[in-house]
Amino acid sequence: MNKDFLRYQAQTTPHPLGLEVESAKGSYIFTTDGKKHLDFVAGVSACSLGHCHPKVVKAIKEQAEKYLHVMVYGEYAQQPAVELTRLLAEQFPKPLEKTYLTNSGTEAIEGALKLARRYTGRAEIIAAHQAYHGNTMGSLSLMDYEERQKPFRPLLGGISFIQFNEEKDLEKITEKTAAVILESIQGGAGFILPKNNYLKKIKQRCEEVGALLILDEIQPGFGRTGKLFGFQNFDMVPDIVALGKGMGGGMPIGAFSASAKMMDSLSDNPKMGHITTFGGNPVIAASALATLKEITSSDLMSESLEKEKLFRKLLVHPLISEVRGMGLMLAIITLSEEIANQLILKCKEKNLILFWLLFEKKAVRITPPLTISEEEIKEGCGIIIDVLEDIIKKQEAVN
Ligand SMILES: Cc1ncc(COP(=O)(O)O)c(C=O)c1O
């Protein structure tokens with residue numbers, strides 16, 4: 001399969017991991033060579049309930065038997081999307097209430113940017129250095145990374161950057177700012193938490209100058225940090241929230257949510273201020289609804305903080321300088337890029353799936369399904385420590 005995968009499926013990664021997937025269940029992916037791989041990545045934070053959670057699969061099957069796509073976004077009332085958005089409204093702090101369902105995270109960001117410009121009548125957007133919000137033109141414009149932006153210019157105008165957690169930069173938010181967009185916890189930059197009430201201070205500054213705060217919850221969202229949304233750990237409420245990844249239970253989805261007053265501005269001047277064919281798709285929404293119900297009715301959120309403690313207890317080694325992040329959004333920070341690369345590739349050989357972060361090259365991602373068991377955590381961390389020991393031994397042999 002790999003030969004055809006490389007030949008016919010467009011590639012943008014020079015060295016894909018290339019596991020040939022046969023099936024997946026719970027915390028494991030099974031490959032065509034008969035191997036069983038423990039998954040510490042969960043499709044990059046997407047498979048919150050593990051692979052093929054029975055309630056998610058049941059919801060998808062039942063909906064698929066009833067109807068698939070019937071109409072473009074927002075014309076017909078379809079029960080899965082209606083119930084999903086209603087349950088989200090029940091979970092959100094006020095005034096967040098209305099949700100627009102998209103097909104991916106990056107589309108949620110595009111919608112949030114449009115909403116901010118439309119509602120404020122202002123053009124300027126402020127993003128953070130080392131942020132990642134997706135790869136369509138608007139989201140790419142928010143990524144202050146010369147190598148990645150240059151070949152695709154001109155991008156969106158009116159965008160400037162601040163340093164995450166840098167309070168001095170608050171003064172760059174002015175009466176001209178439509179919105180500040182930040183990840184609640186910076187992902188690609190190395191799972192960096194906001195500190196000293198940073199998000200609260202940003203929100204206050206936005207209020208002073210009439211700007212909006214958009215928080216990208218696409219990675220921390222849906223229970224990974226012990227709360228349904230990451231920002232709920234930081235005692236503040238943003239104006240617009242972008243959602244995705246773990247929301248779908250393994251299906252492609254995104255969403256942006258705001259107050260009813262704000263969101264209603266997209267239905268006027270122009271009418272249909274944001275449209276999409278497949279947003280709110282009934283099968284996808286059924287999967288997201290089953291996922292949301294399971295996360296909010298079980299102990300998975302609080303357990304993720306207990307599981308974090310176990311990871312931190314087990315991941316102690318001279319080649320690890322720090323374990324960063326929160327809940328089940330963790331990154332091992334190794335002593336060098338080379339060690340991080342070796343760790344990921346050697347663990348792959350030992351059937352443990354790990355992955356890189358976009359900007360922090362010394363980091364190794366640990367974002368398992370929320371459903372991962374203690375035994376599986378111990379099994380995977382054991383492999384990581386064994387591999388790090390091998391790396392040390394090899395280094396000593398060379399020296
Ligand atoms: C924080 C964040 N925002 C946005 C996105 C884009 O989401 P998608 O890949 O679904 O377009 C990602 C994806 O990795 C992300 O991590």
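For the structure itself, look to the data block above.
Computed from a prediction, not measured in an experiment: that's the story for all the values here.

Visitor: I would appreciate a short explanation of empty space enclosed by the protein in the present structure.
Guide: Vacant regions in the atomic arrangement are exposed by a probe of water-molecule size rolled over the atoms. What the rule picks out here adds up to one cavity of 30 Å³ or more. A volume near 30 Å³ is recorded for the largest cavity. Lining the largest cavity, in full, are Leu-17, Leu-19, Ile-344, Lys-348, Leu-352, Ile-353 and Leu-354. Elements supplying a minimum of two residues to the lining of the largest cavity: helix H12 (337-349) and strand E13 (352-353). Here the residues of the lining of the largest cavity sort into six nonpolar, no polar and one charged.

Visitor: Can you walk me through the packing of aromatic side chains in this structure?
Guide: Aromatic rings considered in pairs are described by the distance between their centres and by the relative angle of their planes. Across all of its chains, the model carries nine aromatic pairs by this definition. Both rings, one in Phe-40 and one in Phe-311, keep their centres 5.4 Å apart while their planes meet at 75°; by these two values the pair is edge-to-face. Linking Phe-40 in the loop between strand E3 (36-39) and helix H2 (42-45) with Phe-311 in helix H11 (residues 300-314), this pair joins segments that are 271 residues apart in sequence. On the basis of an interplanar angle of 50° and a centroid distance of 5.3 Å, the ring pair of Tyr-145 and Phe-359 is categorised as tilted. A residue pair is termed long-range when its members are at least 10 positions apart, and Tyr-145 in the loop between helix H6 (137-141) and helix H7 (146-149) and Phe-359 in the loop between strand E14 (355-356) and strand E15 (363-366) qualify at 214 residues. Feature note: the residues Phe-92, Phe-222, Phe-229 and Phe-231 constitute an aromatic cluster, connected by ring pairs. Over the face of the ring belonging to Tyr-28 we find Lys-36, whose NZ or CZ atom lies 4.4 Å from the ring centre.

Visitor: Just to check I follow, could you spell out helix H5 (residues 105-120) for this structure?
Guide: Along an α-helix, residues three or four apart share an orientation, since each turn contains 3.6 residues. Counted at 1.5 Å a residue, the expected span for H5 with its 16 residues is 22 Å, and the 23 Å between its end C-alpha atoms agrees. Within H5, the full set of buried residues consists of Gly-105, Thr-106, Ala-108, Ile-109, Gly-111, Ala-112, Leu-113, Leu-115 and Ala-116. The N-capping residue of H5, defined by a side-chain oxygen 3.3 Å from the backbone nitrogen of Glu-107, is Ser-104. The positive-phi residue at the C-terminal boundary of H5 is Gly-121, with phi of around 70°.

Visitor: Explain the sheet that holds E14 to me, please; I cannot follow it from the model alone.
Guide: Across a sheet, paired strands are connected by hydrogen bonds in the backbone, their directions being either parallel or antiparallel. Across the sheet, which stays open at both edges, the four strands sit in the order E11-E12-E15-E14 with antiparallel pairing between neighbours. Every other strand in the sheet has two partners, leaving strand E11 (320-326) and E14 as the edge strands with one partner each. The pairing of E14 with E15 spans two bridges and is antiparallel. The partner of Phe-355 across the bridge, within E15, is Arg-365.

Visitor: I'm lost on the side chain of Thr-102 in this one. Help?
Guide: With respect to the element layout, Thr-102 can be found in strand E4 (residues 98-102). Residue Thr-102 is classed as buried on the basis of its relative accessible area, which comes to 3%. In this structure the side chain of Thr-102 is engaged in a polar contact, spanning 3.0 Å, whose partner is the backbone oxygen of Ser-104. Discounting chain neighbours no more than four positions away, the residues touching Thr-102 are Glu-107, Ala-108, Ile-253, Gly-254, Ala-255, Phe-256 and Gly-279.

Thresholds applied
- Residues numbered from 1 in each chain as written.
- Predicted model: local features only at pLDDT ≥ 70, side-chain atom pairs only at ≥ 80, totals over all residues.
- Heavy atoms only, no water.
- 1 Å grid on protein atoms, 1.4 Å probe; cavity = no way out; pocket = protein on both sides within 12 Å on 5 of 7 lines; lining within 4 Å.
- Points joined across faces, edges and corners; volume = space filled by probe spheres on them.
- Helix = DSSP H or I, 4+ residues; strand = E, 2+ residues; numbered from the N terminus.
- Nonpolar A, V, L, I, M, F, W, Y, C, P; charged D, E, K, R; others polar.
- Phe/Tyr/Trp six-rings, centres within 6.5 Å; stacked < 30°, edge-to-face > 60°.
- Lys NZ or Arg CZ within 6 Å of the ring centre and 35° of its normal.
- Expected span 1.5 Å × (residues − 1).
- Buried < 20%, exposed > 50% of the residue type's maximum accessible area, 1.4 Å probe, protein only.
- Polar contact = N/O pair within 3.5 Å; in protein donor to acceptor, adjacent residues only side chain to side chain.
- Pairing = 2+ DSSP bridges.
- Contact = heavy atoms within 4.5 Å.

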